[in-house]
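# Structural characterization, general
Letter by letter, the chains look like this.
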Amino acid sequence: TQLLEQSPQFLSIQEGENLTVYCNSSSVFSSLQWYRQEPGEGPVLLVTVVTGGEVKKLKRLTFQFGDARKDSSLHITAAQPGDTGLYLCAGCYNQGGKLIFGQGTELSVKP
Amino acid sequence: GAGVSQSPSNKVTEKGKDVELRCDPISGHTALYWYRQSLGQGLEFLIYFQGNSAPDKSGLPSDRFSAERTGGSVSTLTIQRTQQEDSAVYLCASSPPGTSGKYEQYFGPGTRLTVT
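Residues numbered from 1 in each chain as written. Chains lettered and ligands numbered in written order. Predicted model: local features only at pLDDT ≥ 70, side-chain atom pairs only at ≥ 80, totals over all residues. Heavy atoms only, no water.

## A closer look at the overall build of chain A
Check the secondary structure of chain A and you find zero helices and eleven strands. The linear arrangement of helices and strands in chain A, starting from the amino end, is β-β-β-β-β-β-β-β-β-β-β. Taken over C-alpha atoms, the radius of gyration comes to 13 Å for chain A, in line with the 13 Å a tight globule of 111 residues would show. Expressed along its principal axes, the backbone C-alpha trace of chain A runs to roughly 40 × 30 × 20 Å. (Helix = DSSP H or I, 4+ residues; strand = E, 2+ residues; numbered from the N terminus. Rg over C-alpha atoms; globule rule 2.2 N^0.38 Å.)

## As for the state of the cysteines
Residues and elements named next belong to chain B. Summed over the entire model, instances satisfying the criterion amount to two disulfides over all chains. The residue that forms a disulfide with Cys-23 is Cys-92, at a sulfur-sulfur distance of 1.8 Å. Judged by the torsion about the S-S bond (-65°), the Cys-23/Cys-92 disulfide is left-handed. Taken together, the residues Cys-23 in strand β3 (residues 19-24) and Cys-92 in strand β8 (residues 88-95) connect sequence positions 69 residues apart. The two residues Cys-23 and Cys-92 agree in class, both being buried. (Disulfide = S-S within 2.5 Å. Buried < 20%, exposed > 50% of the residue type's maximum accessible area, 1.4 Å probe, protein only.)

## Focus: the interface of chain B and chain A
With 20 residues of chain B at the contact, the number on the chain A side is 22 residues. Counting each side, the surface lost to burial between chain B and chain A is near 1600 Å², with a carbon and sulfur contribution of 55%. Scanning the region where chain B abuts chain A turns up zero salt bridges. At the surface where chain B touches chain A, the tally comes to five residue pairs in polar contact (both at pLDDT 80 or more). The set of elements that each furnish at least two residues to the side of chain B that touches chain A consists of β4 (31-38) and β5 (42-50) of chain B. The greatest single-element share of the side of chain B that touches chain A, amounting to four residues, is contributed by β5 of chain B. (Contact = heavy atoms within 4.5 Å. Buried area = accessible area lost by both parts, 1.4 Å probe. Salt bridge = Lys/Arg side-chain N within 4 Å of Asp/Glu carboxyl O. Polar contact = N/O pair within 3.5 Å; in protein donor to acceptor, adjacent residues only side chain to side chain.)

## Describing the pairing of strand β4 (residues 31-37) of chain A
Residues and elements named next belong to chain A. By the criterion of burial, β4 is predominantly enclosed, with seven of the seven residues buried. By the alternation rule, side chains of β4 split into Ser-31, Gln-33, Tyr-35 and Gln-37 and Leu-32, Trp-34 and Arg-36, which are all buried. Sheet topology note: the β4/strand β9 (residues 85-92) ladder contains seven bridges and is antiparallel. Paired with Ser-31 across the bridge in β9 is Cys-92. In this sheet, strand β5 (residues 44-49) lies alongside β4 in antiparallel orientation, the contact comprising five bridges. Among the inter-strand pairings, Leu-32 is bridged to a residue of β5, identified as Val-49. Counted between consecutive antiparallel strands, the loop separating β4 from β5 contains six residues, among which Gly-40 sits at a positive phi close to 80°. (Pairing = 2+ DSSP bridges.)

## Structural notes on the sheet that holds strand β8 (residues 71-76) of chain A
Residue and element names in this part refer to chain A. Spatially, β1-β3-β8-β7-β6 is the arrangement adopted by the five strands of the open sheet, whose pairing is antiparallel. Whereas interior strands pair on both sides, the edge strands pair on one side only; in this sheet they are β1 (5-7) and β6 (55-58). On average, adjacent strands in this sheet sit at an angle of 15° to one another, irrespective of strand direction. (Axes fitted to C-alpha atoms, helices over the stretch in contact; angles between N-to-C directions.)

## Things to note about the nonpolar core
Judged by nonpolar contacts, the single largest core of 22 residues is most densely connected at Leu-4, Leu-19, Leu-32, Trp-34, Leu-74, Ile-76 and Leu-107 of chain A. Secondary structure elements with two or more residues in this core: β3 (19-24), β4, β5, β7 (61-65), β8, β9 and β11 (105-110) of chain A. Apart from residues lying up to four places away in sequence, Leu-74 of chain A is in contact with Leu-19, Thr-20, Val-21, Trp-34, Leu-61, Thr-62, Phe-63 and Tyr-87 of chain A. Counting residues in each nonpolar core, the second largest holds 20 residues, with Cys-23, Ile-26, Leu-32 and Phe-65 of chain B among its members. (Core = buried A, V, L, I, M, F, W, Y, C linked by side-chain atoms within 4.5 Å.)

## Overview of the environment of Lys-11 of chain B
All names here are of chain B. Within the element layout of this structure, Lys-11 appears in strand β2 (residues 10-13). Between the C-alpha atoms of Lys-11 and Thr-111, which are 100 residues apart in sequence, the distance is 7.1 Å. With sequence-adjacent residues up to four places away left out, Lys-11 is seen in contact with Val-19, Thr-111, Arg-112, Leu-113 and Thr-114.

## Considering the pattern of salt bridges
All names here are of chain A. Applying the stated criterion to the full structure yields seven salt bridges over all chains. Among the salt bridges present, the one from Asp-83 reaches Arg-60, with a minimum N-O distance of 2.9 Å. Here Asp-83, found in the loop between β8 and β9, pairs with Arg-60, found in the loop between β6 and β7; they are 23 residues apart in sequence, far enough to count as distant. Taking relative accessible area as the criterion, Asp-83 reaches 7% and is therefore assigned buried.

Quick look at the structure:
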(Lines give C-alpha, C1' and ligand atoms only; values in the text may rest on other atoms or scores of the structure.)
Protein backbone atom coordinates (compact mmCIF):
# COMPACT_ATOMS: atom_id res chain seq x y z
CA THR A 1 0.00 0.00 0.00
CA GLN A 2 1.39 3.36 -0.99
CA LEU A 3 1.24 5.99 1.74
CA LEU A 4 1.87 9.69 1.74
CA GLU A 5 2.73 11.18 5.11
CA GLN A 6 1.99 14.87 5.43
CA SER A 7 3.01 17.03 8.38
CA PRO A 8 2.10 18.92 10.38
CA GLN A 9 -1.62 18.18 10.45
CA PHE A 10 -2.46 21.51 12.09
CA LEU A 11 -0.61 24.81 12.03
CA SER A 12 -1.71 28.05 13.66
CA ILE A 13 0.57 31.04 13.14
CA GLN A 14 0.58 34.81 13.20
CA GLU A 15 0.51 36.94 10.09
CA GLY A 16 4.01 37.54 8.76
CA GLU A 17 5.50 34.25 9.96
CA ASN A 18 7.04 31.65 7.68
CA LEU A 19 6.02 28.00 7.58
CA THR A 20 6.88 24.73 5.89
CA VAL A 21 4.67 21.73 5.19
CA TYR A 22 6.23 18.35 4.42
CA CYS A 23 5.09 15.41 2.36
CA ASN A 24 6.98 12.09 2.49
CA SER A 25 6.70 8.62 1.03
CA SER A 26 8.81 5.48 0.80
CA SER A 27 7.82 5.15 -2.86
CA VAL A 28 8.95 7.15 -5.86
CA PHE A 29 6.41 9.51 -7.42
CA SER A 30 6.08 10.06 -11.14
CA SER A 31 4.64 13.47 -10.24
CA LEU A 32 3.42 15.29 -7.15
CA GLN A 33 0.79 17.95 -6.83
CA TRP A 34 -0.13 20.47 -4.15
CA TYR A 35 -3.72 21.58 -3.70
CA ARG A 36 -5.47 24.11 -1.48
CA GLN A 37 -9.01 23.55 -0.29
CA GLU A 38 -11.42 25.95 1.39
CA PRO A 39 -14.54 24.88 3.32
CA GLY A 40 -17.39 23.74 1.10
CA GLU A 41 -15.25 23.69 -2.03
CA GLY A 42 -13.18 21.17 -3.94
CA PRO A 43 -9.37 21.25 -3.88
CA VAL A 44 -7.72 23.75 -6.24
CA LEU A 45 -4.45 22.80 -7.92
CA LEU A 46 -1.51 25.01 -6.95
CA VAL A 47 1.43 23.32 -8.63
CA THR A 48 2.73 20.08 -10.15
CA VAL A 49 6.35 18.96 -9.78
CA VAL A 50 7.80 16.22 -11.92
CA THR A 51 11.60 16.38 -11.90
CA GLY A 52 13.73 15.44 -8.89
CA GLY A 53 15.20 18.55 -7.28
CA GLU A 54 12.68 20.81 -8.98
CA VAL A 55 11.77 24.08 -7.27
CA LYS A 56 8.71 26.09 -8.27
CA LYS A 57 7.58 29.44 -6.92
CA LEU A 58 4.09 30.87 -6.84
CA LYS A 59 4.28 34.35 -5.31
CA ARG A 60 5.09 33.71 -1.61
CA LEU A 61 4.80 29.92 -1.99
CA THR A 62 7.85 27.80 -2.80
CA PHE A 63 7.45 24.14 -3.71
CA GLN A 64 10.35 21.71 -3.73
CA PHE A 65 10.54 18.14 -5.01
CA GLY A 66 13.17 15.90 -3.43
CA ASP A 67 16.07 14.64 -5.54
CA ALA A 68 14.82 11.05 -5.20
CA ARG A 69 11.22 12.09 -5.94
CA LYS A 70 9.99 10.59 -2.67
CA ASP A 71 9.34 13.81 -0.78
CA SER A 72 8.18 17.37 -1.26
CA SER A 73 7.79 20.55 0.74
CA LEU A 74 5.71 23.69 0.59
CA HIS A 75 7.19 26.82 2.14
CA ILE A 76 5.12 29.96 2.66
CA THR A 77 6.93 33.23 3.33
CA ALA A 78 5.27 36.01 5.32
CA ALA A 79 1.95 34.20 5.68
CA GLN A 80 -1.24 36.20 5.39
CA PRO A 81 -4.77 35.50 6.67
CA GLY A 82 -5.80 34.80 3.07
CA ASP A 83 -3.47 31.78 3.11
CA THR A 84 -5.74 30.06 5.63
CA GLY A 85 -7.04 26.75 4.34
CA LEU A 86 -6.37 23.03 3.96
CA TYR A 87 -3.21 22.22 2.02
CA LEU A 88 -3.02 18.79 0.41
CA CYS A 89 -0.18 17.01 -1.30
CA ALA A 90 -1.02 14.26 -3.76
CA GLY A 91 1.32 11.82 -5.44
CA CYS A 92 0.97 9.95 -8.70
CA TYR A 93 2.75 6.59 -8.69
CA ASN A 94 2.64 5.97 -12.42
CA GLN A 95 -0.71 4.19 -12.27
CA GLY A 96 -2.53 6.40 -14.67
CA GLY A 97 -4.08 9.40 -13.00
CA LYS A 98 -4.80 7.82 -9.65
CA LEU A 99 -3.66 10.23 -6.95
CA ILE A 100 -2.77 9.25 -3.39
CA PHE A 101 -3.43 12.17 -1.05
CA GLY A 102 -1.72 13.09 2.18
CA GLN A 103 -3.89 13.72 5.23
CA GLY A 104 -3.68 17.47 4.72
CA THR A 105 -2.38 20.41 6.73
CA GLU A 106 -4.98 22.74 8.23
CA LEU A 107 -3.35 26.17 8.23
CA SER A 108 -4.73 29.09 10.21
CA VAL A 109 -3.07 32.48 9.86
CA LYS A 110 -4.18 34.99 12.48
CA PRO A 111 -4.01 38.74 11.81
CA GLY B 1 -15.07 28.59 -18.71
CA ALA B 2 -17.35 26.25 -16.79
CA GLY B 3 -15.70 24.08 -14.20
CA VAL B 4 -16.59 20.62 -12.96
CA SER B 5 -20.14 20.54 -11.66
CA GLN B 6 -21.67 18.04 -9.28
CA SER B 7 -25.22 17.40 -8.19
CA PRO B 8 -26.82 17.36 -5.77
CA SER B 9 -24.68 19.54 -3.53
CA ASN B 10 -26.20 17.92 -0.46
CA LYS B 11 -27.99 14.62 -0.06
CA VAL B 12 -29.56 13.20 3.09
CA THR B 13 -30.74 9.63 2.83
CA GLU B 14 -31.91 6.87 5.12
CA LYS B 15 -29.76 3.86 5.79
CA GLY B 16 -30.48 1.12 3.25
CA LYS B 17 -31.58 3.42 0.44
CA ASP B 18 -29.72 3.77 -2.88
CA VAL B 19 -28.26 7.11 -4.00
CA GLU B 20 -26.93 8.46 -7.28
CA LEU B 21 -24.39 11.26 -7.46
CA ARG B 22 -23.73 13.06 -10.73
CA CYS B 23 -20.61 14.67 -12.16
CA ASP B 24 -20.30 16.88 -15.26
CA PRO B 25 -16.61 17.22 -16.15
CA ILE B 26 -15.01 20.14 -17.93
CA SER B 27 -15.76 19.97 -21.64
CA GLY B 28 -12.95 18.26 -23.54
CA HIS B 29 -11.46 16.56 -20.49
CA THR B 30 -10.89 12.89 -21.19
CA ALA B 31 -10.17 11.63 -17.69
CA LEU B 32 -12.64 11.62 -14.81
CA TYR B 33 -12.04 10.67 -11.19
CA TRP B 34 -14.14 10.09 -8.09
CA TYR B 35 -12.77 10.60 -4.58
CA ARG B 36 -14.30 10.48 -1.13
CA GLN B 37 -13.36 12.88 1.66
CA SER B 38 -14.32 12.15 5.23
CA LEU B 39 -13.16 13.44 8.58
CA GLY B 40 -10.06 11.65 9.71
CA GLN B 41 -9.67 9.76 6.43
CA GLY B 42 -8.50 12.45 4.09
CA LEU B 43 -9.17 12.13 0.38
CA GLU B 44 -9.56 8.56 -0.85
CA PHE B 45 -9.42 7.53 -4.49
CA LEU B 46 -12.49 5.60 -5.64
CA ILE B 47 -12.49 5.15 -9.42
CA TYR B 48 -10.87 6.59 -12.55
CA PHE B 49 -12.11 6.70 -16.17
CA GLN B 50 -9.74 7.44 -19.06
CA GLY B 51 -11.26 7.69 -22.52
CA ASN B 52 -12.56 4.34 -23.72
CA SER B 53 -10.27 2.28 -21.50
CA ALA B 54 -11.61 0.03 -18.78
CA PRO B 55 -12.00 2.08 -15.59
CA ASP B 56 -9.64 1.67 -12.64
CA LYS B 57 -12.02 0.55 -9.89
CA SER B 58 -9.32 -0.32 -7.37
CA GLY B 59 -10.48 2.25 -4.81
CA LEU B 60 -14.13 1.24 -4.56
CA PRO B 61 -14.64 0.16 -0.93
CA SER B 62 -17.30 -2.50 -1.57
CA ASP B 63 -19.54 -3.94 -4.26
CA ARG B 64 -22.26 -1.55 -3.12
CA PHE B 65 -20.36 1.18 -4.99
CA SER B 66 -20.40 1.46 -8.77
CA ALA B 67 -19.86 4.18 -11.34
CA GLU B 68 -20.60 4.75 -14.99
CA ARG B 69 -19.43 7.26 -17.51
CA THR B 70 -21.77 7.69 -20.44
CA GLY B 71 -20.59 9.01 -23.79
CA GLY B 72 -17.20 9.87 -22.39
CA SER B 73 -18.66 12.78 -20.46
CA VAL B 74 -21.12 12.72 -17.55
CA SER B 75 -20.51 10.23 -14.77
CA THR B 76 -22.80 8.79 -12.10
CA LEU B 77 -21.60 7.25 -8.85
CA THR B 78 -24.17 4.89 -7.35
CA ILE B 79 -24.16 3.66 -3.78
CA GLN B 80 -26.58 0.85 -3.03
CA ARG B 81 -27.99 0.02 0.40
CA THR B 82 -26.26 3.01 1.98
CA GLN B 83 -24.64 2.65 5.39
CA GLN B 84 -23.81 5.34 7.93
CA GLU B 85 -20.10 4.93 7.20
CA ASP B 86 -20.80 6.06 3.63
CA SER B 87 -21.41 9.58 4.95
CA ALA B 88 -18.75 11.80 3.40
CA VAL B 89 -18.13 14.41 0.73
CA TYR B 90 -17.86 12.80 -2.69
CA LEU B 91 -15.60 14.76 -5.03
CA CYS B 92 -15.32 14.46 -8.77
CA ALA B 93 -12.36 15.70 -10.81
CA SER B 94 -11.40 15.76 -14.47
CA SER B 95 -8.16 16.09 -16.41
CA PRO B 96 -7.47 17.36 -19.91
CA PRO B 97 -5.69 15.17 -22.47
CA GLY B 98 -1.99 15.58 -23.11
CA THR B 99 -0.84 16.51 -19.61
CA SER B 100 2.55 14.86 -20.17
CA GLY B 101 2.05 12.47 -17.28
CA LYS B 102 1.20 15.20 -14.79
CA TYR B 103 -2.47 14.17 -14.44
CA GLU B 104 -3.43 17.59 -13.12
CA GLN B 105 -6.94 17.39 -11.79
CA TYR B 106 -9.70 19.96 -11.58
CA PHE B 107 -12.21 19.31 -8.84
CA GLY B 108 -15.89 20.01 -8.50
CA PRO B 109 -17.41 21.37 -5.29
CA GLY B 110 -18.47 17.91 -4.10
CA THR B 111 -21.67 16.27 -2.91
CA ARG B 112 -22.10 16.03 0.84
CA LEU B 113 -23.82 12.73 1.59
CA THR B 114 -25.36 12.13 5.00
CA VAL B 115 -26.80 8.71 5.80
CA THR B 116 -29.15 8.73 8.79
